[in-house]
Amino acid sequence: MSQPALTPVAVPDQEYLSPGMYSCPGCMAALAMRHVLKAMGPNTIIALTTGCWAVIDGPFPYTSVKVPLLHGAFGTAASMARGLRAALDIQGRDDVQVLAWGGDGATFDIGMTALSAAAAYNENVLYVCYDNEAYMNTGGQQSTATLPGVRTTTTTESRLLGIRKKNIVEIMAAHRIPFAATASIGYLDDLQRKVQYARSLKGFKFIHIHTPCPTGWQLPPDEGVRIARLAVRARIHPLYHVLDGQQYVIDLNPDPIPVRQYFETQRRRLLPLSEEELAWIQQDVDQQWQTLLIRSQCAAGPGGSESVR
Amino acid sequence: MERIIMNGNSAAAYGAVLSRVQVTAAYPISPQTGIVEALAQHIASGRLKAKFIMAESEHSVMASLIAASEAGARVFTATSSQGLALMHELLHWAAGARLPIVMVNVNRAMSAPWTMYCDQSDIIAQRDTGWLHVYCEQNQEALDAIIQGYKVAEQVMLPVLVNMDGYYNSYTTEPVDVYDIEDVDRYLPPYNPPVKLDPNEPHTLHGGTGPHLFMEMRYQMWEAMEHARAVAQEADEEFGQIFGHRYGLTEAYGCEDAELVLVGSGSLVGTLREVVDERRERGERIGLLKIRYLRPFPTQQVRQAVASAQQIAVIDRNVSVGMGGVFWQEVRSALYGSQVRDRPVLGFIAGLGGRDVTPGTVDQIIQIARSNPPQDVPIWIELKERR
Ligand SMILES: Cc1ncc(C[n+]2csc(CCOP(=O)(O)OP(=O)(O)O)c2C)c(N)n1
Ligand SMILES: [Mg+2]
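Predicted model only: the values in this text are computed from it and were never measured.

Peer 1: Break down the overall build of chain B for me, with residues and values.
Peer 2: Along its length, chain B carries 13 helices and 16 strands. Taking 21 Å as the expected radius of gyration for a compact globule of 387 residues, we find that chain B reaches 21 Å, a close match to that expectation. With respect to the three principal axes, the spread of C-alpha positions in chain B is 70 × 50 × 50 Å. Of all 387 residues assigned to chain B, the portion counted as buried reaches 59%. Residue pairs at least 24 apart in sequence account for 81% of intrachain contacts in chain B once pairs closer than 6 positions are excluded.

The following block contains the structure:
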């Protein structure tokens, strides 16, 4: 394991979620909110778009979130965050942080243009995408965050079609925002550091948290964290961040495992993959990792990045 | 106060400035674009202290304004046609969330085929979203309706759509009174919402709601809209006392003794007015009913205005295909069950897609009305011969 690139921080004891949420057992999206809010602190307003989290919060008049939370239409987290920022700033409340929160469908798909605009205008907000790799609230349909090889309820072919998972962090980094990062529910320290660091920056910050979904992925409820860690080790979801769209830093590089080993833990959500197909996925993952390595080494200058040596 | 010659778009922007809106989000679409451009200039020049969000779609415009309103800001935008349609989902949201947003819609026909020109098919399709709907005849009225809009919206906690006609208002200049902002301040106090998003007093807003409560929430919306009739009337009267312009929810013009009442909305009312004046001078008993509010619908005022009429002719610059003009349907349903229920209510479709409704058009309408035409189907005016 390598040195973390961001300074380590203590996880605050304070909780901003109440027990009794409407999440499924073992929900990683709920855990993600818990830890992001710990890092954000109480002076935060959440712009929440539709998805599982709109349900997890609980039905009116109940709520499980202790900071102000605005439910909104599907795909509008970034636009709502822009509105909140403007309203707070004009009222002299620039101390209040705005947290936009959306699933992968809300972020990669229906909210993409809104997200891109908020990033391009460098709005002073943090956008967090929790990624369970499908439209889970509607029962697990394919999104552009769905991994190749995964069978969703709307998958019509029993073979790979050369369709890749959209690389959302690259897209966000291309907006040259101050901070774009991946994170994983399997590595809470890293997540905590990233949120705390993002808070300290002005402008648009984006964190893509991998949150395996035991219900949707047909896993036992206590498997989420373990699977998330394996996804990082398989480099399906490497942990890194990009500063100003330029400086790439790999944050953790735990012992790698092949994609095959990762997939073996979740056979129930997969297509019957041929050796050839599996090799295509592995090759793709390796290529992306190489690109990441090169970028992070460029950023660190000759000798390579400290954090990946 | 200053009287300035300006087009409807500039007048609408002044309305927003005088209302001291705090957040505006914008997206270009003709014939509305002049409004948000003018607002951007007012903000850039420091005349208006507000945040300007340049959005990437109308859907995002409304999403941003909803959130800004929830955080306690007075918010404004303007759109037209395709842009309004793209907002549709969020129009319901804004009303259901009970937010006092004011938006100007510059009426433009819905495509296909592509068109830029005026009719009400854009706004009519949003009739049932829970917003108040105000239709303006003149540029002054647009400016005034925005200021009045906030006054009403912030009391009943429902959003307001101010409509003015593309081209006929948006691009046509008229003298417009721009009031001193201090006078407007006395009429329209700062927005002070009962609940807003604030970490000092955390609330979760608009979480999932089941059948056990949803209907009651809709009933509250219904009550608010019913209440809006009186609030809008009062707001209009107070406005008239201070600024000298009052409009009512409807305007009955020469209706007391009228045998035929022409009913219309928007800029074509100006043409109807001219024809009515001319005909009355010649001793013809023709009146005009201008409908300014489509929601809440001024049922009582409509019934009263046509009490003496032998015939009512509604001129619609819109068509609900398969039924007829929407104002026609509204007037018919308002009269059903009243004392005037059996008077013929004729429905005329005119001026779609920006075709001019001229005094000649109105003459034709009057002539057809007198010829005992069918009452159960709309009558399309000035259609070209099919070749
Ligand atoms: C405009 C619109 N289209 C579709 C839906 C239905 N819908 C609600 S939640 C959801 C899935 C959300 O997926 P994602 O953003 O990945 O979040 P998750 O449910 O996985 O947490 C969909 C499709 C909607 N609410 N609004
Ligand atoms: Mg999802």
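Peer 1: Explain the overall build of chain A residue by residue, including any values.
Peer 2: Each helix and strand counted, chain A has ten helices and eight strands in total. Scaling as 2.2 N^0.38, a compact globule of 309 residues should have a C-alpha radius of gyration of about 19 Å, and chain A matches this with 18 Å. Principal-axis analysis of the C-alpha atoms places the extent of chain A at approximately 60 × 50 × 35 Å. Here chain A, with 309 residues, has 58% of them falling under the buried criterion. Sequence separation of at least 24 residues holds for 72% of the intrachain contacts in chain A that already meet a minimum separation of 6. Here chain A has roughly 12100 Å² of accessible surface; of this, 52% comes from carbon and sulfur atoms. Side-chain charges in chain A split into 27 positive and 27 negative, and the spacing between the mean points of these groups amounts to 1 Å.

Peer 1: So, the state of the cysteines: which residues are in play, and what are the values?
Peer 2: Residues and elements named next belong to chain A. According to the stated counting rule, one finds zero disulfides over all chains in the structure shown. Cysteine Cys-27 shares no disulfide, and the gap to the nearest cysteine sulfur, in Cys-24, comes to 6.4 Å. As a non-bridged cysteine, Cys-129 has Cys-52 as the owner of its nearest cysteine sulfur, 12 Å distant.

Peer 1: Outline the sheet that holds strand β6 (residues 132-135) of chain B, listing residues and values.
Peer 2: Residue and element names in this part refer to chain B. Overall, mixed pairing links the seven strands, which are arranged β3-β2-β4-β5-β7-β6-β13 in an open sheet. Taken across any chain shown, the strands that pair with only one partner, and hence form the sheet edges, are β3 (51-54) and β13 (293-295). Adjacent strand axes in the sheet meet at a mean angle of 20°, parallel and antiparallel pairs treated alike. Strand direction decides the pairing type here: β6 and β13, joined by two bridges, are antiparallel.

Peer 1: Quick rundown of the confidence of the model for chain B? Include the residues and the values.
Peer 2: On average, chain B scores 97 in pLDDT, and the residues at 70 or more come to 100%. The ipTM value of the predicted complex is 0.97, and its pTM value is 0.97.

Peer 1: With reference to specific residues and values, describe the coordination of the magnesium ion (ligand 2).
Peer 2: All names here are of chain A. In the first shell of the magnesium ion (ligand 2), the protein supplies Asp-104 (OD), Asn-132 (OD1) and Ala-134 (O), at 2.0 to 2.2 Å from the metal. Expressed as a motif, the donor residue spacing for the magnesium ion (ligand 2) is D-x27-N-x1-A. Taken together, the residues Asp-104 in helix α4 (residues 104-110) and Asn-132 in the loop between β4 (126-131) and α6 (168-173) connect sequence positions 28 residues apart. Using a relative accessible area of 6% as the deciding quantity, one classes Asn-132 as buried.

Peer 1: Tell me about the domain arrangement of chain B, and please be specific about residues and values.
Peer 2: Residues and elements named next belong to chain B. What the domain assignment lists for chain B is domain 1 (2-243) and domain 2 (250-380). Placing the centre of domain 1 and that of domain 2 at their C-alpha centroids yields a distance of 27 Å. Every contact between the two is made by 30 residues of domain 1 and, on the other side, 29 residues of domain 2. Carbon and sulfur atoms supply 50% of the area that domain 1 and domain 2 bury against each other, a total of about 2300 Å² over both sides. Considering only the side of domain 1, the residues that lose the most area to domain 2 are Arg-127, Glu-137 and Tyr-168, jointly responsible for 27% of the buried surface there.

Peer 1: Tell me about the interface of chain A and chain B, and name the residues and values.
Peer 2: Each partner contributes to the interface: chain A provides 36 residues, whereas chain B provides 38 residues. Of the roughly 2800 Å² buried at the junction of chain A and chain B (both faces included), carbon and sulfur atoms supply 65%. Taken together, chain A and chain B are joined by one salt bridge. In this structure, B:Asp198 and A:Arg93 form a salt bridge, with 3.2 Å as the shortest nitrogen-oxygen distance. Taken together, the connections running from chain A to chain B amount to 13 residue pairs in polar contact (both at pLDDT 80 or more).

Peer 1: Go over the pairing of strand β7 (residues 160-165) of chain B with me, naming the residues and quoting the values.
Peer 2: Moving residue by residue along a regular strand, the side chains alternate between the two faces of the sheet. Residues and elements named next belong to chain B. Across the six residues of β7, six count as buried, placing the element largely inside the fold. Neither face of β7 is left uncovered, since the one carrying Val-160, Val-162 and Met-164 and the one carrying Leu-161, Asn-163 and Asp-165 both have all their residues buried. Where strand β5 (residues 102-107) meets β7, six bridges bridge the pair, whose relative direction is parallel. Paired with Met-103 across the bridge in β7 is Leu-161. Of the pairings in the sheet, the one linking β6 to β7 comprises four bridges and is parallel in character. For His-133, the partnering residue across the bridge sits in β7 and is Leu-161. After leaving β6, the chain enters helix α7 (residues 139-156) and then returns to the sheet as β7, a path that is right-handed.

Definitions and limits used
- Residues numbered from 1 in each chain as written.
- Chains lettered and ligands numbered in written order.
- Predicted model: local features only at pLDDT ≥ 70, side-chain atom pairs only at ≥ 80, totals over all residues.
- Heavy atoms only, no water.
- Helix = DSSP H or I, 4+ residues; strand = E, 2+ residues; numbered from the N terminus.
- Rg over C-alpha atoms; globule rule 2.2 N^0.38 Å.
- Buried < 20%, exposed > 50% of the residue type's maximum accessible area, 1.4 Å probe, protein only.
- Contact = heavy atoms within 4.5 Å.
- Areas by Shrake-Rupley, 256 points an atom, 1.4 Å probe, with all protein chains shown as cover.
- Lys, Arg positive; Asp, Glu negative; His and termini not counted.
- Charge placed at Lys NZ, Arg CZ, Asp CG, Glu CD.
- Disulfide = S-S within 2.5 Å.
- Pairing = 2+ DSSP bridges.
- Axes fitted to C-alpha atoms, helices over the stretch in contact; angles between N-to-C directions.
- pLDDT = per-residue confidence, 0-100.
- Donors = N, O, S within 2.8 Å, 3.2 Å for Na, K, Ca; no water.
- Domains from an automatic or database assignment.
- Buried area = accessible area lost by both parts, 1.4 Å probe.
- Salt bridge = Lys/Arg side-chain N within 4 Å of Asp/Glu carboxyl O.
- Polar contact = N/O pair within 3.5 Å; in protein donor to acceptor, adjacent residues only side chain to side chain.
- Right-handed = clockwise from strand over helix to strand, strands pointing away.

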